[in-house]
Amino acid sequence: MSRYVASFLLEVGFNADKAHNIVKECVDGVLGGENYNQNNINQWTASIVEQSLTHLVKLRKAYKYIVTCAVVHKSAYGFQTASSYFWVTTADGTYTIRWENGTMNCIVNVFAIAIVLQLTKNVRLKPLN
Amino acid sequence: MEEYHRHCDEVGFNAEEAHNIVKECVDGVLGGEDYNHDNINQWTANIVEQSLTHLVKLGKAYKYIVTCAVVQKSAYGFHTASSCFWDTTADGTCTVRWENRTMNCVVNVFAIAIVL
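Residues numbered from 1 in each chain as written. Chains lettered and ligands numbered in written order. Predicted model: local features only at pLDDT ≥ 70, side-chain atom pairs only at ≥ 80, totals over all residues. Heavy atoms only, no water.

### Examining the environment of N109 of chain A
Residue and element names in this part refer to chain A. Mapped onto the fold, N109 is located in strand β5 (residues 104-114). For N109, the contacting residues outside a window of four places in its chain are I66, V67, T68, Y95 and T96. One polar contact links N109 to T96, side chain to side chain, over a distance of 2.6 Å. (Helix = DSSP H or I, 4+ residues; strand = E, 2+ residues; numbered from the N terminus. Contact = heavy atoms within 4.5 Å. Polar contact = N/O pair within 3.5 Å; in protein donor to acceptor, adjacent residues only side chain to side chain.)

Pasting the structure below:
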């Protein structure tokens, strides 16, 4: 009997450190050195989520990703967020980064949901020997 | 050969149903209230927990993520964005925007299909 191995990505495990580095770099790149500007804010939030997602997918792990970003002008009252999830605690993961400068607060959430591998006849396999 | 029975035969994310669930939760927690720094943590926690509980009770084969953000109303507004890498045929999302005289609230629901 031949043994086969799936020829596509098989890495599992959510790495919060990698997510931190990716997202921090994206936010620094988009918001770094900028002041709150009503005209640019939509483009900034869109850039942050798109760039973060692109880099996360490039890690080639078996995960679906959701990236959310919220930016507010700094105020005396602050900014409150909460999140709750119903998932598999051993495989799925989340990471939140809080970023601020003189004029604005930014929160980026990354949620990673493990993709359960299903072997079907459409999957390409290659023999081990 | 044994037969395999799914716990739930319903598939497809019903955004309208999720919208109603979340709106009811937000109305129940924030309705009639003014922005209050002391209560805000408890309010956001209640919103996400109640919404999640009701969504799970639908008994569908989904994992859920519920996020909630509340800000005091200001001239500068409030901006959020989200981007998702998932199965566009099975997974889904719903966003509820709520406001009163003193605060804005945005609740996002993300539903990821569980492949059985």
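### Structural notes on the sheet that holds β5 of chain A
The four strands lie next to each other as β4(A)-β5(A)-β2(A)-β2(B), forming an open sheet whose pairing is antiparallel. Looking along the sheet, the strands with just one partner apiece sit at the ends: β4 (93-100) of chain A together with β2 (79-85) of chain B. Adjacent strand axes in the sheet meet at a mean angle of 10 degrees when their direction is disregarded. Here 11 bridges tie strand β2 (residues 63-73) of chain A to β5 of chain A, and the two strands are oriented antiparallel to one another. From the neighbouring strand, C69 of chain A faces β5 of chain A, where its bridge partner is V108 of chain A. Against the sheet, helix α1 (residues 16-31) of chain A engages β4 and β5 of chain A, with an angle of about 30 degrees to β4 of chain A. (Pairing = 2+ DSSP bridges. Axes fitted to C-alpha atoms, helices over the stretch in contact; angles between N-to-C directions.)

### Focus: the interface of chain B and chain A
Bring the parts together and some accessible area is lost; that lost area is often taken as the interface size. Contacts between the two partners involve 37 residues from chain B, matched on the other side by 37 residues from chain A. Interface area, chain B with chain A, both sides summed: about 3,200 Å², of which 63% is carbon and sulfur. Summed over the three residues of chain B that lose the most area to chain A, namely K63, H79 and F85 of chain B, the buried surface amounts to 22% of that side. Here D91 of chain B and K64 of chain A are joined by a salt bridge, their closest N and O atoms 2.9 Å apart. Remark: the boundary between chain B and chain A carries 13 residue pairs in polar contact (both at pLDDT 80 or more). For the side of chain B that touches chain A, the leading source of residues is strand β1 (residues 62-72) of chain B, giving 11 residues. Both β2 of chain A and β2 of chain B contribute to a ladder of seven bridges, which runs antiparallel. Its bridge partner being in β2 of chain B, V67 of chain A is matched across the sheet by S83 of chain B. (Buried area = accessible area lost by both parts, 1.4 Å probe. Salt bridge = Lys/Arg side-chain N within 4 Å of Asp/Glu carboxyl O.)

### A word on the packing of α1 of chain A against helix α2 (residues 41-57) of chain A
Residue and element names in this part refer to chain A. Where α1 meets α2, the closest approach of the two axes is 9 Å, and the angle between their N-to-C directions is 150 degrees. When the axis of α1 is compared with that of α2, the two are roughly antiparallel. Once α1 is placed against α2, the crossing between them reads as right-handed. Touching A19, I22, V23, C26, V27, V30 and L31 of α1 are W44, S47, I48, Q51, S52, H55 and L56, all from α2. Class assignment of the residues belonging to the contact of α1 with α2 gives a composition of 10 nonpolar, four polar and no charged. (Parallel < 35°, antiparallel > 145°, perpendicular 65-115°, else oblique. Left-handed = near helix turned anticlockwise from the far one by under 90°. Nonpolar A, V, L, I, M, F, W, Y, C, P; charged D, E, K, R; others polar.)

### Notes on the pattern of salt bridges
Residues and elements named next belong to chain A. What the rule picks out here adds up to eight salt bridges over all chains. Measuring nitrogen to oxygen at the nearest pair gives 2.9 Å for the salt bridge that ties K24 to D28. Pair noted here: K24 and D28 are both in helix α1, with a separation of four residues, about one helical turn. Judged by its relative accessible area of 34%, K24 falls in the partly exposed class. (Buried < 20%, exposed > 50% of the residue type's maximum accessible area, 1.4 Å probe, protein only.)

### Notes on unusual backbone geometry
Trans peptide bonds make up the majority, and among non-glycine residues the majority have a negative phi. Of note in this structure, R60 of chain A is not a glycine but carries a positive phi near 55 degrees. For R60 of chain A, a relative accessible area of 52% gives the class exposed.

### A few points about α1 of chain A
Given 3.6 residues per turn, any residue in an α-helix points the same way as the ones three and four places further on. Residue and element names in this part refer to chain A. End to end, α1 covers 22 Å across 16 residues, agreeing with the expected 22 Å (1.5 Å per residue, within 8%). Residue N15 occupies the N-cap position of α1, its side-chain oxygen lying 3.0 Å from the main-chain nitrogen of D17. Just past α1, the residue G33 takes up positive phi, approximately 80 degrees. (Expected span 1.5 Å × (residues − 1).)

### Considering the sheet that holds strand β3 (residues 92-99) of chain B
Spatial ordering of the open sheet is given by β3(A)-β1(B)-β4(B)-β3(B), a layout of four strands whose pairing is antiparallel. Two strands lie at the open edges of the sheet, namely β3 (80-86) of chain A together with β3 of chain B, each paired on one side alone. Recorded for the sheet is a direction-independent mean angle of 10 degrees between the axes of neighbouring strands. By the bridge criterion, eight bridges tie β3 of chain B to strand β4 (residues 103-113) of chain B in an arrangement that is antiparallel. Bridged to E99 of chain B within β4 of chain B is N104 of chain B. Packing against the sheet, helix α2 (residues 40-57) of chain B makes contact with β3 of chain A together with β1 and β4 of chain B, and its axis sits at approximately 155 degrees to β1 of chain B.

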